[in-house]
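Below are the chains, spelled out letter by letter.
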Amino acid sequence: MSTKKILVVEDEKPISDILKFNLVKSGYEVLCAYDGEEGLNLALSESVDLMLLDVMLPKMEGFDVLKKVREKKQNMPILMLTAREEEVDKILGLEWGADDYITKPFSMRELLARVKANLRRIVAEDNSPSGEVAAFGNLEINYARYEVMKNGDIVELTLREYELLKFLSTQPGMVFSREMLLEKVWGYEYFGDVRTVDVTIRRLREKIEDDPAHPLIIMTKRGIGYYLNK
Ligand code: CA
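Computed from a prediction, not measured in an experiment: that's the story for all the values here.

Conventions and cut-offs
Residues numbered from 1 in each chain as written. Predicted model: local features only at pLDDT ≥ 70, side-chain atom pairs only at ≥ 80, totals over all residues. Heavy atoms only, no water. Helix = DSSP H or I, 4+ residues; strand = E, 2+ residues; numbered from the N terminus. Buried < 20%, exposed > 50% of the residue type's maximum accessible area, 1.4 Å probe, protein only. Polar contact = N/O pair within 3.5 Å; in protein donor to acceptor, adjacent residues only side chain to side chain. Core = buried A, V, L, I, M, F, W, Y, C linked by side-chain atoms within 4.5 Å. Contact = heavy atoms within 4.5 Å. Salt bridge = Lys/Arg side-chain N within 4 Å of Asp/Glu carboxyl O. Expected span 1.5 Å × (residues − 1). Phe/Tyr/Trp six-rings, centres within 6.5 Å; stacked < 30°, edge-to-face > 60°. Donors = N, O, S within 2.8 Å, 3.2 Å for Na, K, Ca; no water. Domains from an automatic or database assignment.

This next bit is on the side chain of aspartate 100. By secondary structure assignment, the location of aspartate 100 is in strand 5 (residues 100-103). Since its relative accessible area comes to 4%, aspartate 100 is described here as buried. At a separation of 3.0 Å, a polar atom in the side chain of aspartate 100 contacts the side chain of arginine 114.

Here we take up the nonpolar core. By size, the foremost hydrophobic cluster in this structure holds 26 residues, and its most contacted members are Val148, Leu164, Leu165, Leu168, Leu181, Ile208 and Ile218. At the level of secondary structure, the elements contributing two or more residues to this core comprise strand 6 (133-136), strand 7 (139-142), helix 6 (159-170), helix 7 (178-186), helix 8 (195-208) and strand 12 (225-228). Per element, the largest residue contribution to this core is five residues, and it comes from helix 6. The residues touching valine 148, leaving out its near neighbours within four places in the chain, are Leu139, Glu140, Ile141, Asp153, Ile154, Val155, Leu157, Tyr162 and Leu165. Membership of the second largest hydrophobic core comes to 23 residues, among which are Leu42, Ala43, Phe63 and Tyr101.

Applying the stated criterion across every chain, the model contains twelve salt bridges. We note a salt bridge from glutamate 46 to lysine 5, for which the minimum N-O separation is 3.3 Å. Taken as a pair, glutamate 46 in the loop between helix 2 (36-45) and strand 3 (50-54) and lysine 5 in strand 1 (residues 5-9) lie far apart in primary sequence, 41 residues in all. Among the residues examined, glutamate 46 registers a relative accessible area of 29% and is labelled partly exposed. By relative accessible area, which is 14% here, lysine 5 ends up buried.

Glancing now at helix 6. Under the 1.5 Å per step criterion, the end-to-end length of helix 6 is 16 Å for twelve residues, consistent within 8% with the ideal 16 Å. The element helix 6 is largely enclosed, with a buried count of eleven among its twelve residues.

This brings us to the environment of tyrosine 226. Structurally, tyrosine 226 can be placed in strand 12. A distance of 2.7 Å separates the side chain of tyrosine 226 from the side chain of aspartate 198, its partner in a polar contact.

Moving on, we come to the packing of aromatic side chains. Counted by the stated rule, this structure contains two aromatic pairs. Between tyrosine 146 and tyrosine 162, the ring centres sit 5.6 Å apart and the planes meet at 55°, which makes this aromatic pair tilted. Taken as a pair, tyrosine 146 in the loop between strand 7 and strand 8 (147-150) and tyrosine 162 in helix 6 lie far apart in primary sequence, 16 residues in all. Taking the relative accessible area as the measure of exposure, tyrosine 146 reaches 45% and is therefore partly exposed. Between the aromatic rings of phenylalanine 167 and phenylalanine 176, the centroid separation amounts to 4.8 Å while the plane-to-plane angle is 55°, which identifies the pairing as tilted. For the pair phenylalanine 167 and phenylalanine 176, one class covers both residues: buried.

Let us now look at the coordination of the calcium ion. Within the protein, Asp11 (OD), Asp54 (OD) and Met56 (O) serve as the donor atoms for the calcium ion, at 2.1 to 2.3 Å. Mapping the donors of the calcium ion onto the primary sequence yields the spacing D-x42-D-x1-M. Remark: methionine 56 occurs in the loop between strand 3 and helix 3 (62-72) and aspartate 11 occurs in the loop between strand 1 and helix 1 (13-25); sequence separation between them is 45 residues. Since its relative accessible area comes to 31%, aspartate 11 is described here as partly exposed.

In many reports, interface size means the accessible area that the parts give up when they come together. Its domain assignment divides the chain into domain 1 (5-119) and domain 2 (125-228). For domain 1 and domain 2, the distance between their C-alpha centroids amounts to 25 Å.

Here is the structure:
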């Protein structure tokens, strides 16, 4: 397995240094940027496997970096680092989709677990659907190509949105709790916030449902969780 390259975009040098130290110790290759512009340039010019992105940055703020990177790289996992709880709602609500966030101060153990979980191919191979293509209403999932089509048009999904849809589609009709989805799709066992699941479901619905307020594909089982309509 090749070494994964992680881009750390963080202007506070002590935090950046300790992140780099621990990531390198864990076997990752690390690039550091100390402002938003430099972070954006590196994210687009280098082959980066995952980005740790601070929200408050000089020159260009983290949300703008996120948006611009997402325009070019849909699938790269991006973890936002935030110092303020009020930024969490913004991060979760972003249409460009950060894959995850972590609040400062964070434990290094938690951060490394998040990095690992976000780098991992989430759904185990033996969980994968057997066919190459599955259809749900006017939606078609092409597993071989990681592609989702709606009425014949490609739907742009982030990796996490795709993994969530794929996971639900492995057992249509089966209700999964939010905790289980967090564990299976995000790969957390101990960490994470179930709001992340709700927000990702909402974003997915906006992209794949004709009327996101009255979904016909991804259904809510009130008080329990979510399932894909057969
Ligand atoms: Ca900062």
